[in-house]
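Here are the chains, one letter per residue:
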Amino acid sequence: MLSFIMLLGGFALLVWGADRFVSGACAAARRLGIPSVVVGLTIVALGTSAPELSVSVTAALKGANEIAVGNVVGSNLFNLLVVVGLSAAIAPMRAEEGLLRRDLPLSGLAASILFAMLAFGEGRLSRVSGLILLVIMVLYLFVLVREALRNHTAADETELSVPVWTIPLNLFIGLCGIVLGGDLTVDGATGIARMFGLSEALIGLTIVAVGTSLPELVTSITAAIKGESGLALGNAVGSNLFNILFILGTSAAICPISVSMDAVFDVAVLVLVSAVCILTMRRSGGVGRVQGIVMTAAYLAYMGWIIVR
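A brief structural summary. One numbering rule holds for all chains: residues counted from 1, following each sequence as written. Reporting in this predicted model follows two pLDDT cut-offs: at least 70 for local features of residues, and 80 or more for side-chain atom pairs to be given and counted; totals over whole chains, interfaces and linings ignore these cut-offs and use all residues. To get the side-chain values, all heavy atoms of the structure are used, and hydrogens and water are removed first.

## Remarks on the overall build of the protein chain
Secondary structure elements follow DSSP: runs of H or I of four or more residues count as helices, runs of E of two or more count as strands, with numbering from the N terminus. Broken down by element type, the protein chain carries twelve helices and four strands. To measure how exposed things are, a 1.4 Å probe is used in the Shrake-Rupley method; for residues, cover is taken only from the protein chains shown. Within the structure as shown, the protein chain displays about 13,600 Å² of accessible surface, and the carbon and sulfur contribution to it stands at 71%.

Following this line, the structure appears as structure tokens:
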């Protein structure tokens, strides 16, 4: 019972802490005169990936490597098949040209690079591999920010008036919530795995992955309901890029990660799913209702298979 309470409490702290951190960071950026579009591409994107970052880094430091990798792989599969799938089932989504040309292919490339690193490293993600992922992340952010600044106009800015004292307070309590939430989530998930004799890989791929992806799910479904299909799709694809390049890159750079070959197989499945999504979206220019339902059903089928496995 304590493990379940820790897991749920950890999820709550992760979501709340990420929200506070993003609010404080955005306010600080506005005070410094940083364009809102750059804030969205960097601070907000990093903030919504904070739950996965906290869980994976904490898991790596505690030696729960299967949770560290399973969390990222499971979150990416959930984002592609459920977040995008459910959003498309609510309202068919059209993909923007930039996403089809740059972000979506890079997401598939990132998954392929991760698979190659684990396959040739016999299930080990070294510090060097982590640093390579981080370098790719920095280059990606550089391209994004440069393109955003090039297309930025003064009309894109919105006023944000908050008391100055709330900025450091939000940053501090947000970081505390994220760190404590990640610690509770890993401890709770590990306890549940031991209690029921389940593998850490299974817990990471299912419960932890879904829990840390709740912000993306809520954001994308809300955007789909409001007719903002581009935001819904971009949120899921952008999160997948951050998960592999930034989160696993940071985790491996801090502490090398070793996983079983089952985890390597799961990464191969992620590569296959990414390739199918890229081909389908490029051909149709988006995701239709039927495709969304099929994607969600495929996720449920895969979850059933790994539980049996």
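## So, empty space enclosed by the protein
Think of a 1 Å grid over the protein atoms and nothing else: a 1.4 Å probe that fits but is trapped marks a cavity, an open set flanked by protein within 12 Å on at least five of seven lines marks a pocket, and residues with an atom within 4 Å of a point count as lining. Grid points are joined across faces, edges and corners, and a volume is the space filled by probe spheres set on the points. Applying the stated criterion to the full structure yields two cavities of 30 Å³ or more. Approximately 50 Å³ is the volume found for the largest cavity. In terms of lining residues, the largest cavity is bounded by Glu-66, Val-69, Gly-70, Val-73, Ala-201, Leu-205, Ala-263 and Asp-266. Counting only elements with at least two residues in the lining of the largest cavity, the list comes to α4 (65-90), α8 (200-212) and α11 (261-284). For the lining of the largest cavity, the element with the most residues is α4, which contributes four residues. Roughly 30 Å³ of volume is contained in the second largest cavity. Around the second largest cavity sit Leu-80, Leu-104, Ser-107, Gly-108, Ser-274, Cys-277 and Ile-278, which together line it. Only Asp, Glu, Lys and Arg are considered charged, only Ala, Val, Leu, Ile, Met, Phe, Trp, Tyr, Cys and Pro nonpolar, and every remaining residue, Gly among them, polar. Taken together, the residues of the lining of the second largest cavity sort by class into four nonpolar, three polar and no charged.

## Notes on the packing of α11 against helix α12 (residues 289-308)
Look at α11 against α12: their axes get within 13 Å of each other, and the N-to-C directions meet at 175°. The angle between the axes of α11 and α12 places the two elements in the roughly antiparallel class. Every residue of α12 that contacts α11 at Phe-265, Asp-266, Val-269, Cys-277, Thr-280 and Ser-284 is listed here: Gln-291, Met-295, Tyr-302, Trp-305 and Ile-306. For the contact of α11 with α12, the class distribution of residues is seven nonpolar, three polar and one charged. Think of each axis as a best-fit line through the C-alpha atoms, taken over the contacting stretch in the case of a helix, with angles from 0 to 180 degrees between the N-to-C directions. Note on angle classes: values under 35 degrees are labelled roughly parallel, values over 145 roughly antiparallel, values of 65 to 115 roughly perpendicular, and the remainder oblique. Contact between two residues is taken to exist if any of their heavy atoms lie within 4.5 Å; hydrogens are not considered.

## Considering α11
For an α-helix, the turn length of 3.6 residues means that residues three or four places apart are oriented alike. Its 24 residues give α11 an end-to-end C-alpha distance of 35 Å, which sits within 8% of 34 Å, the value for a rise of 1.5 Å per residue. Three or more residues of α11 are buried, namely Ala-263, Val-264, Asp-266, Val-267, Val-269, Leu-270, Val-273, Ser-274, Cys-277, Ile-278 and Met-281. Expected span, for any helix, means 1.5 Å times one less than how many residues it has. Only protein chains enter the accessibility calculation, which uses a 1.4 Å probe. A residue is then buried if its area is under 20% of the maximum for its type, exposed if over 50%, and partly exposed in between.

## Here we look at the environment of Ala-209
In this structure, Ala-209 sits in helix α8. Along the primary structure Ala-209 and Phe-78 are separated by 131 residues, whereas in three dimensions their C-alpha atoms are 7.5 Å apart. Dropping the residues within four chain positions of it, Ala-209 is found in contact with Gly-70, Asn-71, Gly-74, Ser-75 and Gly-204.

## Describing the pattern of salt bridges
Within this document, salt bridges are pairs made up of a side-chain nitrogen of Lys or Arg and a carboxyl oxygen of Asp or Glu, the two lying within 4 Å of each other. Evaluation of the coordinates by the stated rule reveals two salt bridges. For Lys-62, the salt bridge is made with Asp-187, and the minimal N-O distance between the two is 2.7 Å. Taken together, the residues Lys-62 in the loop between α3 (50-61) and α4 and Asp-187 in helix α7 (residues 166-196) connect sequence positions 125 residues apart. In this structure Lys-62 comes out as partly exposed when scored by relative accessible area, which is 43%. In this structure, Arg-102 engages Asp-103 in a salt bridge whose closest nitrogen and oxygen atoms are separated by 2.8 Å. The pair formed by Arg-102 and Asp-103 is uniform in burial state, with each residue classed as buried.

## A word on the layout of surface pockets
Estimates place the volume of the second largest pocket at around 260 Å³. Sorting the residues of the lining of the second largest pocket by element identifies α11 and α12 as the ones contributing at least two each. At seven residues, the largest contribution of residues to the lining of the second largest pocket is made by α11. The residue makeup of the lining of the second largest pocket, split by class, is 13 nonpolar, two polar and no charged.

## Observations concerning α7
Between its terminal C-alpha atoms α7 stretches 44 Å, which fits the 45 Å expected from 31 residues at 1.5 Å a residue. Two residues or fewer past α7, Gly-197 is found with a positive phi of approximately 70°.

## Considerations on the packing of aromatic side chains
A pair of aromatic rings is counted whenever rings of Phe, Tyr or Trp (Trp by its six-membered ring) have centres within 6.5 Å, and the orientation is called stacked for planes under 30 degrees apart, edge-to-face for over 60 and tilted otherwise. This model, assessed by the stated rule, comprises three aromatic pairs. Relative to Trp-305, the ring of Phe-265 lies with its centre 5.7 Å away and its plane at 50°, an arrangement referred to as tilted. Of this pair, Phe-265 sits in helix α11 while Trp-305 is found in helix α12, placing the two residues 40 residues apart along the sequence. Using a relative accessible area of 40% as the deciding quantity, one classes Trp-305 as partly exposed. With a centroid separation of 6.1 Å and an interplanar angle of 25°, the aromatic rings of Tyr-302 and Trp-305 are classed as stacked. Remark: Trp-305 and Tyr-302 occur in helix α12; sequence separation between them is three residues, near one turn of the helix. Overall, Tyr-302 belongs to the buried group, its relative accessible area being 13%. Aromatic rings pair up to connect Phe-265, Tyr-302 and Trp-305 into one cluster.

## So, unusual backbone geometry
The phi dihedral of Glu-122 falls on the positive side, at around 55°, and the residue is not glycine. Structurally, Glu-122 can be placed in the loop between α5 (97-120) and β2 (124-125). Look at Glu-122 and you get exposed, because its relative accessible area is 68%.

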